[in-house]
Amino acid sequence: MEKTTLFVQSEVPGHADLTWIFNTVTPLGDLERMTQFKDKAKQNRKNVNVGLLGYPVLQAADILLYKGEVVPVGEDQVQHIELTREIARRFNARYGDTFPECQEYLTETPRIMGLDGESKMSKSKNNH
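Residues numbered from 1 in each chain as written. Predicted model: local features only at pLDDT ≥ 70, side-chain atom pairs only at ≥ 80, totals over all residues. Heavy atoms only, no water.

Enquirer: How do you make sense of the pattern of salt bridges when you look at a structure like this?
Expert: Pairs can form between side chains of opposite charge once their charged atoms are near each other. Inspection of the entire model under this criterion finds six salt bridges. Its salt-bridge partner being E86, residue R90 comes within 3.6 Å of it at the nearest N-O pair. Here the residue R90 and the residue E86 both occupy positions in helix α5 (residues 78–95), the gap between them amounting to four residues, near one helical turn. Where salt bridges share partners, they join D30, R33, E86, R89, R90 and E101 into one cluster. (Salt bridge = Lys/Arg side-chain N within 4 Å of Asp/Glu carboxyl O. Helix = DSSP H or I, 4+ residues; strand = E, 2+ residues; numbered from the N terminus.)

This is the structure in structure tokens:
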């Protein structure tokens, strides 16, 4: 029998705690080079914030807190998984072998298109 566990992320302090720790081993330049950050920063110049910049570090904590090894993502998230591996490497080099270097898993449909049929679906775009 397969089992799925659902939980409210904010009720697990380890997510925020590990994000903070990973922030100390993640260079600013790595985050500024993230394609999604650059794209969204261009689209919303008046609302470029630390939450947007640091999102890949939170994603890394979400994955590595549970020692995830294979992560199902869309093709737009592959760069974030590469950063997650790099964060795991840096942490492991400093503090000992703790986290696995996860791999992305792309399905046969690696990108879900928006209603316009041209751009990817997004919560931050007007898709009607």
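Enquirer: Would you mind showing me how to read the packing of helix α4 (residues 50–64) against α5 here?
Expert: Any two packed helices are characterised by how steeply their axes cross, that is the angle between the axes, and by the distance between the axes. The geometry of α4 relative to α5 is characterised by a closest axis approach of 9 Å and an angle of 70° between their N-to-C directions. Overall, the two elements α4 and α5 adopt an arrangement that is roughly perpendicular. In the packing of α4 onto α5, the handedness of the crossing is right-handed. Facing α4, whose interface residues are Y55, P56, V57, Q59, A60, I63 and L64, α5 presents H80, I81, L83, T84, I87 and A88. Considered class by class, the residues forming the contact of α4 with α5 number 10 nonpolar, three polar and no charged. (Axes fitted to C-alpha atoms, helices over the stretch in contact; angles between N-to-C directions. Parallel < 35°, antiparallel > 145°, perpendicular 65-115°, else oblique. Left-handed = near helix turned anticlockwise from the far one by under 90°. Contact = heavy atoms within 4.5 Å. Nonpolar A, V, L, I, M, F, W, Y, C, P; charged D, E, K, R; others polar.)

Enquirer: In this structure, what is going on with α4? I would like to understand it.
Expert: Side chains three or four residues apart in an α-helix point the same way, a direct result of the helix having 3.6 residues per turn. Across its 15 residues, α4 extends 21 Å between first and last C-alpha, which sits within 8% of the 21 Å expected from 1.5 Å per residue. Within α4, the full set of buried residues consists of L53, G54, P56, V57, Q59, A60, A61, I63 and L64. As for α4, its buried residues are in contact with α1 (13–23), α2 (28–32), α3 (35–43), β1 (70–72) and α5. Capping the start of α4, N49 holds a side-chain oxygen 3.1 Å from the backbone nitrogen of G51, two or three residues further along. (Expected span 1.5 Å × (residues − 1). Buried < 20%, exposed > 50% of the residue type's maximum accessible area, 1.4 Å probe, protein only. Polar contact = N/O pair within 3.5 Å; in protein donor to acceptor, adjacent residues only side chain to side chain.)

Enquirer: Sorry if this is basic, but what is going on with the packing of aromatic side chains here?
Expert: Two numbers describe a pair of aromatic rings. These are the distance of the centres and the angle of the planes. If you walk through the whole model with that rule in mind, you get five aromatic pairs. Aromatic pair F7 and Y66: ring centres 5.8 Å apart, planes at 45°, arrangement tilted. Remark: Y66 occurs in the loop between α4 and β1 and F7 occurs in the segment before α1; sequence separation between them is 59 residues. On the basis of relative accessible area, Y66 is assigned to the partly exposed category, the value being 45%. A centroid spacing of 5.0 Å and a plane angle of 65° characterise the contact between F91 and F99, whose relative ring orientation is edge-to-face. F91 sits in the buried class, given a relative accessible area of 11%. Classification of F99 as buried rests on a relative accessible area of 9%. Grouping aromatic residues by their ring pairs yields a cluster made of F22, F91, Y95 and F99. Note that K67 overlies the ring of F99, its terminal NZ or CZ placed 5.7 Å from the centroid. (Phe/Tyr/Trp six-rings, centres within 6.5 Å; stacked < 30°, edge-to-face > 60°. Lys NZ or Arg CZ within 6 Å of the ring centre and 35° of its normal.)

Enquirer: Would you take a moment to explain unusual backbone geometry for this structure?
Expert: Positive phi is not limited to glycine here, since K67 has a value of about 55°. Summarising the element assignment, K67 is placed in the loop between α4 and β1. By relative accessible area, K67 is classed as partly exposed at 43%.

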